[in-house]
Amino acid sequence: MANIFTSSIGKKLIMSITGAFLILFLTFHMIMNGALVFSDEAYDAIVRFLGANWYALVGTVILAAGVVFHFVYAIILTLGNHKARGNIRYAETKRERGVEWSSKNMFVLGLVVILGLLLHLFNFWYNMQWTEIIGAHTNSLGMSPTDGADLVRYVFSHPGYVIAYIIWLVGLWFHLTHGMWSMMQTVGWNSKVWMKRLKCISYILSTIIVGAFMLILIILYVQSL
Amino acid sequence: MNFKLKIWRQANAKAQGRFETYEVKDISADTSFLEMLDILNNNLIHEGKEPVAFDHDCREGICGMCSLHINGEAHGPDTEITTCQLHMRKFHDGDTITIEPWRSAAFPVIKDLVVDRHAFDKIMQAGGFISVNTGGVPDANTTPIPRADAEESMDAAACIGCGACVATCKNGSAMLFVAARVSSLAKLPQGKVETLSRAKAMIAKMDELGFGGCTNTRACEAECPKGVSISHIARLNRKFLTAKFKD
Ligand code: HEM
Ligand code: SF4
Ligand code: FES
């Protein structure tokens, strides 16, 4: 057990576990957003519950650690793998049969995800939980940090933000379509029979999660018109 | 048929390589790819030039010696064949064909199209064998083996150690090769006993020798001449992680 994480498979296990954890978080986040479509009050109740209290703070720190580990090991693995390919690249290459573009571009897709994440953290975390942590009563937009619904509706009334978020979500979708079955393969829960099933499940779940985020986004934009 | 060949030439491991272009004429469509290279080399020798070095041995798809990255694919176009099983009928008259050596940090070029694949031998020496006492030769069928297990083992044992998986993988990973070796033994009664220690030893060697890690792109199984499936990699991951958690 001691040196498991120095091996190539061990490092990949970290990607798999943190990835699975992030997917769980995304699922929870998606359900929470759904509340906003039905009732601003319900959404604000969740926002207040997840404000500057110890449970929410511990949750935030664990989540941040998950992202950091996933990101740091993504860099370590990608650099190491690039080196293992050697100094001279093929003059000619071909896309192999059955190989998906996303599987070879997980790092680039991850970068899209993290850039979107930074924008997202500024828009919402900084203007909500952080504002509460430092004890301010208004955020950078002059709103109360617990008026979650108002803030979200304000941000998504801007077409620029809506487009940026859609690009972000498309990147995430590609990352997830490969990531979901890949994390099962990494821990060894795959076989000839399950390969097709896992791939199918990955596409369905990725589309449900990303689709729901996108739908809510578009509903909010349309309601703002 | 006439072809233009763009071939990687490199005098030795240290030298800087470059592409040279050659022409071969009047090649019959039924010539094998390696025979076509033999014809080229024959011409080169007659012209007093250095022939192109390339690996080959059995020329019937069983030894794994022939290599070559042809027009961007390990073992060239066509699926589940080695380069020695490739024929010129797969190309068109007048085609330009690009021929490169395997490219991976763990397989350095020795000369022209020949790469050093000793790293595979070292991985095998680390654990690709059975060291438990299996006794004398038993009578046939004294130890029954379920058909599914035998099939699974044989599918993995089909690996000929050619290295196309490493050459194709964008990470230069040897996971399909190691998985094939571990999986073929893991499914048989004599091999099963040492599965966990074998998985650990072979992966440690693979990492040490500068092969990359698996990112599950599946490019290896698409180019493997023996159609070894990545489901064997799943088994290897399972066995390796079990072994590490038991430590
Ligand atoms: C919500 C955010 C994210 C989720 C849900 C997520 C999920 C996943 C999952 C499930 C995997 C598969 C793990 C495996 O194959 O075992 C994965 C792989 C990967 N992720 Fe993410 N990821 C996220 C963000 C990021 C970010 C920010 C990066 C940074 C660049 C990144 C880079 C990668 C890379 C490079 C891999 C492939 C690793 C490998 O195959 O060795 N991901 N991700
Ligand atoms: S797994 Fe396939 S591609 Fe890799 S060495 Fe074995 S036969 Fe060659
Ligand atoms: S020369 Fe033996 S497999 Fe091609």
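The coordinates are above.
Bear in mind that the values here come from a model prediction, so they are computed numbers and not experimental data. (Residues numbered from 1 in each chain as written. Chains lettered and ligands numbered in written order. Predicted model: local features only at pLDDT ≥ 70, side-chain atom pairs only at ≥ 80, totals over all residues. Heavy atoms only, no water.)

Caption draft 1: Highlighting the site of ligand 1. Surveying the vicinity of ligand 1 reveals 25 residues, the closest of which are Lys12(A), His70(A), His175(A), Ser182(A) and Thr186(A). Residues lining ligand 1 come from chains A and B. For ligand 1, an oxygen atom lies 2.3 Å from a polar atom in the side chain of Lys12(A). One nitrogen or oxygen atom from the side chain of Thr186(A) is found 2.7 Å from an oxygen atom belonging to ligand 1. Looking at the shell around ligand 1, the elements that each hand over two or more residues are helix 1 (8–38), helix 3 (54–84), helix 5 (106–133) and helix 7 (159–187) of chain A. Counting residues per element, the shell around ligand 1 draws most heavily on helix 1 of chain A, at seven residues. Along the lines of polarity and charge, the residues of the shell around ligand 1 split into 14 nonpolar, ten polar and one charged. (Near = heavy atom within 4 Å. Polar contact = N/O pair within 3.5 Å; in protein donor to acceptor, adjacent residues only side chain to side chain. Helix = DSSP H or I, 4+ residues; strand = E, 2+ residues; numbered from the N terminus. Nonpolar A, V, L, I, M, F, W, Y, C, P; charged D, E, K, R; others polar.)

Caption draft 2: Region of interest: the site of ligand 2. All names here are of chain B. Around ligand 2, the neighbouring residues are Phe120, Cys159, Ile160, Gly161, Cys162, Gly163, Ala164, Cys165, Leu176, Cys224 and Pro225. With respect to the pocket detection grid, ligand 2 is positioned in the second largest cavity. For the shell around ligand 2, the per-class residue count stands at nine nonpolar, two polar and no charged. (1 Å grid on protein atoms, 1.4 Å probe; cavity = no way out; pocket = protein on both sides within 12 Å on 5 of 7 lines; lining within 4 Å. Sits in = over half its atoms within 2 Å of the grid points.)

Caption draft 3: Inspection of helix 7 (residues 195–208) of chain B at higher detail. Across its 14 residues, helix 7 of chain B extends 20 Å between first and last C-alpha, which sits within 8% of the 20 Å expected from 1.5 Å per residue. Residue Gly210(B) follows helix 7 of chain B closely and has a positive phi angle near 90°. (Expected span 1.5 Å × (residues − 1).)

Caption draft 4: Structural context of the packing of helix 1 of chain A against helix 7 of chain A. Residue and element names in this part refer to chain A. Contact geometry for helix 1 and helix 7: axes closest at 9 Å, N-to-C directions at 130°. Relative to helix 7, the element helix 1 lies oblique. The crossing of helix 1 and helix 7 is left-handed. When helix 1 is examined against helix 7, the residues Lys12, Leu13, Ser16, Gly19, Ala20, Ile23 and Leu26 are found in contact with a partner set consisting of Leu172, Leu176, Met180, Ser182, Met183, Thr186 and Val187. Residues of the contact of helix 1 with helix 7, tallied by class, amount to nine nonpolar, four polar and one charged. (Axes fitted to C-alpha atoms, helices over the stretch in contact; angles between N-to-C directions. Parallel < 35°, antiparallel > 145°, perpendicular 65-115°, else oblique. Left-handed = near helix turned anticlockwise from the far one by under 90°. Contact = heavy atoms within 4.5 Å.)

Caption draft 5: The arrangement of the interface of chain A and chain B in detail. On the chain B side, the residues contacting the 39 residues of chain A number 53 residues. With both chains or domains summed, chain A and chain B bury close to 3,800 Å², and 55% of this area falls on carbon and sulfur atoms. Taken together, chain A and chain B are joined by three salt bridges. Put simply, Lys192(A) and Asp155(B) hold a salt bridge, and the shortest N to O gap is 3.5 Å. Put simply, chain A and chain B have 21 residue pairs in polar contact (both at pLDDT 80 or more) between them. Elements with a contribution of two residues or more to the side of chain A that touches chain B: helix 1, helix 3, helix 4 (101–104), helix 7 and helix 8 (192–224) of chain A. Ranked by residue count, the leading element in the side of chain A that touches chain B is helix 7 of chain A, at six residues. Taken together, the residues of the side of chain A that touches chain B sort by class into twelve nonpolar, 16 polar and eleven charged. (Buried area = accessible area lost by both parts, 1.4 Å probe. Salt bridge = Lys/Arg side-chain N within 4 Å of Asp/Glu carboxyl O.)

Caption draft 6: Quick look at the side chain of Ser231(B). Secondary-structure assignment places Ser231(B) in helix 9 (residues 231–246). Here Ser231(B) falls in the buried class, since its relative accessible area comes to 8%. At 2.8 Å, the side chain of Ser231(B) and the side chain of Ser229(B) are in polar contact. Aside from chain neighbours lying at most four places away, what touches Ser231(B) is Ser191(A), Lys192(A) and Glu152(B). (Buried < 20%, exposed > 50% of the residue type's maximum accessible area, 1.4 Å probe, protein only.)

Caption draft 7: Expanded view of the coordination of the iron atom of ligand 1. All names here are of chain A. The iron atom of ligand 1 binds to the protein through His70 (NE2) and His175 (NE2), with metal-donor distances spanning 2.0 Å. One can describe the site at the iron atom of ligand 1 as octahedral: its six donor atoms subtend angles covering 87 to 179° at the metal. Residue His70 is found in helix 3, and its partner His175 is found in helix 7; the two are separated by 105 residues along the sequence. A single burial state applies to His70 and to His175, both of which are buried. (Donors = N, O, S within 2.8 Å, 3.2 Å for Na, K, Ca; no water. Tetrahedral: all angles 85-135°; square planar, octahedral: opposite > 155°, others 65-115°.)

Caption draft 8: Region of the structure containing the packing of helix 3 of chain A against helix 5 of chain A. Residue and element names in this part refer to chain A. Following both chains from N to C, one finds helix 3 and helix 5 inclined at 160°, their axes separated by 13 Å at the closest point. Judged by the angle between their axes, helix 3 and helix 5 are roughly antiparallel. Our pair here, helix 3 against helix 5, has a crossing hand that is left-handed. Residues Ala56, Leu57, Thr60, Val67, Phe71, Ala74, Ile75 and Thr78 of helix 3 lie in contact with helix 5, whose contacting residues are Phe107, Leu111, Ile114, Leu117, Trp125, Gln129 and Ile133. Taken together, the residues that form the contact of helix 3 with helix 5 break down as twelve nonpolar, three polar and no charged.

Caption draft 9: Up close: the sheet that holds strand 5 (residues 96–100) of chain B. Residues and elements named next belong to chain B. Across the sheet, five strands lie side by side as 2-1-5-3-4; this open sheet has mixed pairing. Both edges of this open sheet fall to strand 2 (18–24) and strand 4 (73–74), since each of them pairs with a single strand only. When strand 3 (residues 69–70) meets strand 4, the two strands line up antiparallel, connected through two bridges. Across the sheet, residue His69 finds its bridge partner in strand 4, namely Ala74. (Pairing = 2+ DSSP bridges.)

Caption draft 10: Spatial organisation of the pairing of strand 5 of chain B. All names here are of chain B. Within strand 5, four of the five residues are buried, leaving the element largely enclosed by the surrounding structure. Relative to strand 5, strand 1 (residues 3–9) runs parallel, the two being bridged by four bridges. Across the sheet, residue Lys6 finds its bridge partner in strand 5, namely Thr98. Direction of pairing for strand 3 relative to strand 5: antiparallel, over a ladder of two bridges. For His69, the partnering residue across the bridge sits in strand 5 and is Glu100.

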